Amino acid sequence: MRVSTFWELMSHEFGASYCRVLADDLVLSEVGERTATEALAAGVDPKSVWFAVCRAQDVPESRWWGPDQPPRS
């Protein structure tokens, strides 16, 4: 996953404004006690960061790949 895809998914799920706040404020244990923004800057795979955000925010798995996309294995 590209970083741009990460931001597209964040914007779709949480809204264009709130997704940036969430990425800057929510500390994710799955990516080393970092925020999403910090994890991406440190080179953590954007897909790992996205899934960590989804789990932390209780996003249903059916929405993890974006709108109208079937879940992947």
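So, a few notes on the structure that sits alongside this text. Since the structure is predicted, the reported quantities are computational estimates derived from the model, not experimental observations. (Residues numbered from 1 in each chain as written. Predicted model: local features only at pLDDT ≥ 70, side-chain atom pairs only at ≥ 80, totals over all residues. Heavy atoms only, no water.)

1. Considering the overall build of the protein
Condition: Helix and strand definitions here come from DSSP, where helices need a minimum of 4 consecutive H or I residues and strands a minimum of 2 consecutive E residues; each element is numbered from the N-terminal end. For a compact globule the rule gives 2.2 Å times the number of residues to the power 0.38, and the radius of gyration it is set against comes from C-alpha atoms. Whether two residues touch is decided by their heavy atoms; if any such pair falls within 4.5 Å, the residues are in contact. Under the convention used here, a 1.4 Å probe and the Shrake-Rupley method define accessible areas, while residue burial counts only the protein chains that appear.
Across its full length, the protein holds four helices and two strands. Taken from N to C terminus, the helices and strands of the protein fall in the order α-α-β-β-α-α. Whereas a compact globule of 73 residues would reach a radius of gyration of roughly 11 Å, the protein reaches 11 Å, a difference of no more than 12%. Considered along the principal axes of its C-alpha atoms, the protein spans approximately 30 × 25 × 20 Å. Relative to all contacts within the protein whose residues are 6 or more apart in sequence, the contacts with residues 24 or more apart total 43%. Taken as a whole, the protein presents about 4,500 Å² of accessible surface, with 48% of it coming from carbon and sulfur.

2. What to know about unusual backbone geometry
Using the following cut-off: Exposure is judged per residue with a 1.4 Å probe applied to protein chains only, and the accessible area is read against the type maximum: over 50% gives exposed, under 20% gives buried, and values in between give partly exposed.
The phi dihedral of Glu33 falls on the positive side, at around 55°, and the residue is not glycine. Note that Glu33 resides in the loop between strand E1 (27–28) and strand E2 (34–35). In this structure Glu33 comes out as exposed when scored by relative accessible area, which is 54%. One non-glycine residue, Asp58, adopts positive backbone phi at about 55°. Take Asp58: it is sitting in the segment after helix H4 (46–56).

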